[in-house]
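Observations on the model geometry
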Amino acid sequence: MEVNGPIVRKYLKKFIAEPQKKIRLKNYDAGQVQNESLKDKSDEEVNEILKEVLKKDQSALFAAQDLLAASHKYGILIVLQGMDTAGKDGTIRHVMSGVNPQGCEVHSFKVPGAEDHAHDFLWRYEKVMPERGMIGIFNRSYYEDVLVVHVHPERMEELPEKIGPDAAGFWEGRYKDINAFEKHLVRNGTVILKFFLHISKDEQKRRLLDRLNHKEKYWKFSVSDVAERQYWDDYMDAYEEMLSATSTGYAPWFIVPADHKWMARTFVAEAVTSAIEGLSLSYPTFPDEQILHLTDAKKQLEEE
Ligand code: AMP
Ligand code: MG
């Protein structure tokens, strides 16, 4: 049986990290926009134009999700990864504004607790995978288990030395586990869409300063964000290795230019819509006998 990845529109496909290719993030322009003509416009003008696009996206996404829920065949897993301030929360807010909240679940993964660490690293994610008909959004994911802990191995669960992060092939083992896990999910009817929101180091500085320059944004700021920024290059290495090892035909990574917030948001909304449309789903049909029952019910109501 073939294990196929999502079918998406051509322009979205261009952002897929080619499987089995070594990814170099410096070759990906974080400041890219969908439409070159937008480059000459001011930030405000671009935002206004893209807001209109987003409104259209929202109604298309709403229709796609309705079909996903009605047909009840596939679940959609959206994985969002990116450095602090990359726009994960804003993207979720925008995608969510286009869907029926009953058909969508967001899970934000923080530092794992003792119970999580007492299990294998995939345990806490597997528990909350989307059911058929549902969209599940992971704000951070099992990819943190090859990113933040790759940069800071001391933050990892304690493992026996023989099988821990110092053992040969440890990280390759984790990538293989992730690939096998995702293949299993896809084979069972989960469509996996993984988005790396790619921002530049300069843009992160701007966004962190913006949080510090506005009192109402203080809550978004964490002192550790500045500390983590010191490890920027290590994170980029970890991301490159992870993207190269885990972008597969059945669960590809999209490297999304995210220096322009609206670009990232419309990209994700369109990719999700496109992937659902690519499933060629249809509303359930009913046998004649059942239609008769429906007709009877209708008559009964009308004659009340
Ligand atoms: P935020 O997304 O800003 O709320 O921060 C969540 C924090 O949890 C980040 O600092 C992540 O690095 C951390 N985190 C998430 N998943 C893991 C994980 N599996 N192992 C260690 N730290 C994690
Ligand atoms: Mg944060």
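Scope of this entry: the structure provided in the associated data block. (Residues numbered from 1 in each chain as written. Chains lettered and ligands numbered in written order. Predicted model: local features only at pLDDT ≥ 70, side-chain atom pairs only at ≥ 80, totals over all residues. Heavy atoms only, no water.)

The next point concerns the pattern of salt bridges. All chains considered together, the criterion is met by 11 salt bridges. Of the charged contacts, one joins K55 and E52 as a salt bridge, the two residues approaching to 3.3 Å between their closest N and O atoms. On the criterion of helical spacing, the pair formed by K55 and E52 is a turn pair, its members being 3 residues apart in helix α2 (residues 43–71). Connected through shared salt-bridge partners, D84, R140 and E144 make up one network. (Salt bridge = Lys/Arg side-chain N within 4 Å of Asp/Glu carboxyl O. Helix = DSSP H or I, 4+ residues; strand = E, 2+ residues; numbered from the N terminus.)

Now for the site of ligand 1. Residues in contact with ligand 1, as listed here, are F109, K110, V111, P112, R124, Y125, R140, E144, D145, V148 and V149. Separating a nitrogen atom of ligand 1 from a side-chain N or O atom of R124 is a distance of 3.3 Å. The separation between an oxygen atom of ligand 1 and a polar side-chain atom of R140 is 2.7 Å. Alone, ligand 1 offers 500 Å² of accessible surface; in the complex the protein occludes 76% of this. Considered class by class, the residues forming the shell around ligand 1 number 6 nonpolar, no polar and 5 charged. (Near = heavy atom within 4 Å. Polar contact = N/O pair within 3.5 Å; in protein donor to acceptor, adjacent residues only side chain to side chain. Areas by Shrake-Rupley, 256 points an atom, 1.4 Å probe, with all protein chains shown as cover. Nonpolar A, V, L, I, M, F, W, Y, C, P; charged D, E, K, R; others polar.)

This next bit is on the pairing of strand β1 (residues 75–82). Across the 8 residues that make up β1, a large majority, 8, are buried. Both faces of β1 are covered, namely the face carrying G75, L77, V79 and Q81 and the face carrying I76, I78, L80 and G82. As paired strands, β1 and strand β4 (residues 190–198) are joined by 8 bridges and run parallel to one another. Paired with G75 across the strands is T190, a residue of β4. Pairing geometry for β1 and strand β3 (residues 135–139), over 5 bridges, is parallel. Across the sheet, residue I78 finds its bridge partner in β3, namely I137. (Buried < 20%, exposed > 50% of the residue type's maximum accessible area, 1.4 Å probe, protein only. Pairing = 2+ DSSP bridges.)

Turning our eyes to something else, we now look at the packing of aromatic side chains. Within this structure, the stated rule accounts for 14 aromatic pairs. Each ring, one from F195 and one from F254, has its centre 5.2 Å from the other, and the planes form 20°; the classification is stacked. Placement of F195 in strand β4 and of F254 in strand β5 (residues 253–257) is noted, with a sequence separation of 59 residues between them. An angle of 85° between the planes, with centres 6.4 Å apart, marks the rings of F195 and F267 as edge-to-face. On the criterion of sequence distance, the pair formed by F195 in strand β4 and F267 in helix α11 (residues 261–277) is long-range, its members being 72 residues apart. Residue F267 is classed as buried on the basis of its relative accessible area of 0%. (Phe/Tyr/Trp six-rings, centres within 6.5 Å; stacked < 30°, edge-to-face > 60°.)

Two elements in contact, helix α7 (residues 170–187) and helix α10 (residues 232–246), have axes separated by 10 Å at closest approach and are oriented at 45°. What the angle tells us is that α7 and α10 run oblique. Here α7 and α10 pass one another in a crossing that is right-handed. Counted together, W171, Y175, I178, N179 and E182 of α7 and E241, M242, A245 and T246 of α10 form the full contact between these two elements. Each residue belonging to the contact of α7 with α10 can be placed in one class, and the counts come to 5 nonpolar, 2 polar and 2 charged. (Axes fitted to C-alpha atoms, helices over the stretch in contact; angles between N-to-C directions. Parallel < 35°, antiparallel > 145°, perpendicular 65-115°, else oblique. Left-handed = near helix turned anticlockwise from the far one by under 90°. Contact = heavy atoms within 4.5 Å.)

What follows is about the nonpolar core. Within soluble globular proteins, side chains that are nonpolar tend to cluster in buried spots. Core analysis: the largest hydrophobic core is formed by 75 residues, its most contacted members being I135, Y142, Y143, F195, L197, M242 and F267. Counting residues per element, this core draws most heavily on α11, at 8 residues. Not counting residues up to four positions away in its chain, the partners in contact with Y143 are V79, Q81, I178, E182, K194, M242, T246 and W253. L38, V46, L50 and L54 belong to the second largest nonpolar core, which has 7 residues in total. (Core = buried A, V, L, I, M, F, W, Y, C linked by side-chain atoms within 4.5 Å.)

These figures come from the coordinates and say nothing about function on their own.
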